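Structure assessment
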Amino acid sequence: MLAPKRVQWRKVQKGTMRGVAHTGNEVSYGDIGLMAAECGWLTSRQIEAARISMTRKMKRDAKVWIRVFPHKPISKKPAETRMGKGKGPPDHWVATVRPGTMLYEIQSDDRTLVIEALRVAAHKLPIKCKIISRGEIQ
């Protein structure tokens, strides 16, 4: 699973997910990319599940770039614990995603296979996504 090596703060607040992505919102490395169409949190498990489904569909025939990284720790209190006594320990890591954020990029010769692989990956994610080509305006 993806997780940062070290962080400045062990626990962070939830924050807000408003607006659109101003950076990381275009296809930079590959030919075709998967772009987020709505706000949300992507856990490290979801990011990894989508990556595995893409590489299995492509049969390792293409180069894949992961453009998101889970920097935000999500804390959770143990089950059947009384209210109060502070915030729980960090449980898992998430990436905060806004509309327009490029999630994955693929470079390959077979365009139809790339689109199919990105479609399969989009089904693994909890947010709506769009498939965008290089130079295409969203």
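Going by the structure above, here's the rest.
One structure accompanies this document, and this report is about it. This one's a predicted model, so the numbers in the text were calculated from it and none came from an experiment. Starting from 1, residues in each chain are numbered consecutively following that chain's sequence as written. In keeping with the model being predicted, local features are shown solely for residues with a pLDDT of at least 70 and side-chain atom pairs are shown and tallied solely at 80 or more, while totals for entire chains, interfaces and linings include all residues. Side-chain numbers come from the whole structure's heavy atoms, not from hydrogens or water.

**What to know about the state of the cysteines**
Selection criterion: In this description, the term disulfide denotes a pair of cysteine sulfurs within 2.5 Å.
Inspection of the entire model under this criterion finds 0 disulfides. Cys39 provides the cysteine sulfur closest to Cys129, a residue in no disulfide bond, and the two sulfurs are 12 Å apart.

**Regarding the packing of aromatic side chains**
Our working definition: Pairing of aromatic rings covers Phe, Tyr and Trp, the last counted by its six-membered ring, and requires centre-to-centre distances within 6.5 Å; plane angles under 30 degrees mean stacked, over 60 mean edge-to-face, and any other angle means tilted. Here a helix means four or more residues in a row that DSSP labels H or I, a strand means two or more in a row labelled E, and each is numbered from the N terminus. Whether a charge sits over a ring comes down to the Lys NZ or Arg CZ being within 6 Å of the ring centre and within 35 degrees of the ring normal.
All told, the structure shown has 1 aromatic pair when counted by the stated rule. Relative to Trp65, the ring of Tyr29 has its centre 5.9 Å away and its plane inclined at 20 degrees; by these criteria the two rings are stacked. Linking Tyr29 in the segment before strand S1 (32–36) with Trp65 in strand S3 (residues 63–66), this pair joins segments that are 36 residues apart in sequence. Taking NZ or CZ as reference, Lys63 lies 5.3 Å from the ring centre of Trp65, over its face.

**What to know about the packing of helix H1 (residues 44–58) against helix H2 (residues 111–124)**
To be explicit about the condition: The convention used is that axes are lines fitted to C-alpha atoms, helices contributing only their stretch in contact, and that angles between N-to-C directions extend from 0 to 180 degrees. Here roughly perpendicular refers to angles of 65 to 115 degrees, roughly parallel to angles under 35, roughly antiparallel to angles over 145, and oblique to all remaining angles. With the far helix as reference, a near helix turned anticlockwise by less than a right angle produces a left-handed crossing, and one turned clockwise produces a right-handed crossing. Whether two residues are in contact is decided by their heavy atoms, any of which lying within 4.5 Å being enough. Ten residue types, Ala, Val, Leu, Ile, Met, Phe, Trp, Tyr, Cys and Pro, are classed as nonpolar, four, Asp, Glu, Lys and Arg, as charged, and the remainder, Gly among them, as polar.
Two numbers describe how H1 lies on H2: the axes approach to 8 Å, and their chain directions differ by 155 degrees. If you check the angle between H1 and H2, you find them roughly antiparallel. Crossing geometry of H1 relative to H2 is assigned as right-handed. Contacts from Ala49, Ala50, Ser53, Met54, Lys57 and Met58 in H1 reach Leu113, Val114, Glu116, Ala117, Leu118, Val120, Ala121 and Lys124 in H2. The class makeup of the residues in the contact of H1 with H2 is 10 nonpolar, 1 polar and 3 charged.

**Quick word on the pattern of salt bridges**
For side chains of opposite charge, pairing can occur when their charged atoms come near one another. We apply this condition: The salt bridge criterion pairs a side-chain nitrogen of Lys or Arg with a carboxyl oxygen of Asp or Glu, the two atoms within 4 Å. Throughout this description, buried means an accessible area under 20% of the type-specific maximum (1.4 Å probe, protein chains only), exposed means over 50%, and partly exposed covers the range between.
Applying the stated criterion across every chain yields a total of 3 salt bridges. In this structure, Glu116 engages Arg119 in a salt bridge whose closest nitrogen and oxygen atoms are separated by 2.6 Å. Of this pair, Glu116 and Arg119 both sit in helix H2, 3 residues apart, which is roughly one turn of that helix. Overall, Glu116 belongs to the partly exposed group, its relative accessible area being 26%.

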